[in-house]
Amino acid sequence: MTKKDMLNLLHKEEPVLRAEITALYSVLDHKLGLHGADVPITFGMDEKALGSYLPPSYDNEEQFQFSLFFIGFCMNNQLTKADRVNLYKHEYAHYMTRHISIPEKYNWQPGVHGSAWKYCCSLIGAIPADYYIEDASIQKIDYDSVLERPSVDHKQVQMLDTYRTQKMYANMENAKIKYEVGDVVTHPKFGEGTVQEIEQQPASVRLHIAFGDEIKIIDQKWLVKTGYKKVAER
Ligand SMILES: [Zn+2]
């Protein structure tokens, strides 16, 4: 079979697949009072992603996309019916995160596959994994443990906060310019050099230093730490 024949065959499968997806989404819509079955479904030949949900954006209509490469029947049945259904539910759960209100306690974990999405998975029986698990059985999933915020003791939270504060302070310190253009510095390996240019970054300062004919770009933080010293006070 040529590639063109294959694409034609896949194209002919689209209505069947669309019907399969729409039927499932109608059932879920009915249960949840949503309108996922009305969201346009497009098919592509992506070899890296099985499917995706695109939220409405400035230049895109809200839509579901599925890869015929995986769900096409003539692709040697790459996915079983159960896996296809889970894929459809996975994407529907993404749609849900945009259209239902998520209880506050399920907002602890950020990310597209965070606790809000997992909560949506639990409502429709989707496997709460952001990767494809072959033949994973829904029976095995303990949603309660997946959805529960891990308990963190007070001391640890405090420690993390302190760490964050220290880190912020360090970044502030690192971003303070400690040299001037024209300053002469010494380096154990390169010898004496002159600061030619200073680049301020959000959390660092990069110095362009001329050692003879050669310009080296060195982070000021590193210079200070490793014993570069400012030779001339200006
Ligand atoms: Zn996903």
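Since we're looking at a predicted model, the values are computed, not measured.

## Focus on the overall build of the protein chain
Within the protein chain, the secondary structure is distributed over seven helices and eight strands. Across the 234 residues of the protein chain, 35% fall into the buried class. Considering only residue pairs separated by 6 or more positions, the protein chain has 48% of its internal contacts joining residues 24 or more positions apart.

## Describing the pairing of strand E3 (residues 63-67)
In terms of residue burial, E3 counts as a mostly covered element, since four of its five residues are buried. For strand E2 (residues 51-54) and E3, the ladder comprises four bridges, and the chain directions are antiparallel. Looking at the pairing, Ser-52 lines up with Gln-65 of E3.

## Section: the coordination of the zinc ion
Geometry reference: four tetrahedral donors at a metal, ideal angle 109.5 degrees. Six octahedral donors, ideal angles 90 or 180 degrees. For the zinc ion, the full set of protein donor atoms is His-90 (NE2), His-94 (NE2) and His-113 (NE2), and the range of their distances to it is 2.0 to 2.1 Å. Donor residues for the zinc ion sit on one chain with the sequence pattern H-x3-H-x18-H. You can see His-90 sitting in helix H3 (residues 81-99) and its partner His-113 sitting in the loop between H3 and helix H4 (115-124), a full 23 residues away along the chain. Residue His-113 is classed as partly exposed on the basis of its relative accessible area of 24%.

## Observations concerning the pattern of salt bridges
In the structure shown here, the tally under the stated rule is four salt bridges. Two residues, Arg-18 and Glu-14, come together in a salt bridge whose shortest N-O distance is 4.0 Å. In this pair, Arg-18 and Glu-14 are both assigned in helix H1 (residues 3-32), four residues apart and thus about one turn of the helix distant. Relative accessible area serves as the criterion here: at 32%, Arg-18 is assigned to the partly exposed category. A salt bridge links Glu-20 to Arg-84; the shortest N-O distance between them is 2.9 Å. One end of the pair, Glu-20, is in helix H1; the other, Arg-84, is in helix H3, and 64 residues separate them in sequence.

## Side note on the nonpolar core
Counting residues in each nonpolar core, the largest one holds 40 residues, and the members touching the most others are Tyr-25, Phe-43, Phe-64, Phe-66, Ile-71, Tyr-88 and Tyr-92. Of all the secondary-structure elements, those providing two or more residues to this core are H1, strand E1 (41-44), E3, helix H2 (68-71), H3, H4 and helix H5 (143-147). If near-sequence neighbours (up to four positions away) are discounted, Ile-71 is found in contact with Leu-17, Phe-43, Phe-66, Leu-79, Arg-84, Leu-87 and Tyr-88. Within the second largest apolar cluster, eight residues are counted, among which are Val-195, Val-205, Leu-207 and Ile-218.

## Describing the packing of aromatic side chains
Tallied over the entire structure, the rule returns eleven aromatic pairs. Look at Tyr-25 and Tyr-92: their rings are 4.9 Å apart centre to centre, the planes differ by 50 degrees, and that puts the pair in the tilted class. On the criterion of sequence distance, the pair formed by Tyr-25 in helix H1 and Tyr-92 in helix H3 is long-range, its members being 67 residues apart. There is no split in this pair, since Tyr-25 and Tyr-92 are both buried. Look at Tyr-53 and Tyr-95: their rings are 6.0 Å apart centre to centre, the planes differ by 80 degrees, and that puts the pair in the edge-to-face class. With Tyr-53 in strand E2 and Tyr-95 in helix H3, this pair connects stretches of sequence that are 42 residues apart. The exposure class of Tyr-53 is buried, given its relative accessible area of 9%. We classify Tyr-95 as buried; its relative accessible area is 3%. Put simply, the rings of Tyr-25, Tyr-53, Phe-64, Phe-66, Tyr-88, Tyr-92 and Tyr-95 touch in pairs and so form one group of aromatic residues.

## Concerning the confidence of the model for the protein chain
A residue-level look at the protein chain finds 81% of positions with pLDDT of 70 or above and a mean pLDDT of 82. Here strand E8 (residues 229-230) is the element of the protein chain with the lowest mean pLDDT, 60, and H4 is the one with the highest, 95.

The rules behind these values
Sequence order sets the numbering: in each chain, residues are counted from 1 along the sequence as written. pLDDT decides what is reported in this predicted model: residues at 70 or higher carry local features, side-chain atom pairs at 80 or more are listed and counted, and totals for whole chains, interfaces and linings draw on all residues regardless. Only hydrogens and water are removed before side-chain values are computed, so all heavy atoms of the structure are retained for them. Where helices and strands are cited, they refer to DSSP runs of H or I of at least four residues and of E of at least two residues respectively, numbered from the N terminus. Burial classification: accessible surface area is computed with a 1.4 Å probe over protein chains only, and a residue below 20% of its type maximum counts as buried, one above 50% as exposed, and the rest as partly exposed. The contact definition used throughout considers only heavy atoms, calling two residues in contact when any of these lie within 4.5 Å. Two strands make a pair as long as DSSP finds a minimum of two bridges between them. Coordinating donors are taken as N, O and S atoms within 2.8 Å of the metal, stretched to 3.2 Å for Na, K and Ca; because water is absent from the atoms, sites can appear incomplete. Salt bridge, as applied in this entry: a Lys or Arg side-chain nitrogen positioned within 4 Å of an Asp or Glu carboxyl oxygen. What is meant by a nonpolar core is a set of buried Ala, Val, Leu, Ile, Met, Phe, Trp, Tyr and Cys residues, joined one to another through side-chain atoms within 4.5 Å. Between the rings of Phe, Tyr and Trp (Trp by its six-membered ring), a pair exists once the centres lie within 6.5 Å; its type follows the angle of the planes, with under 30 degrees stacked, over 60 edge-to-face, and the other angles tilted. One number per residue, pLDDT, summarises how confident the predictor is, and it ranges from 0 to 100.

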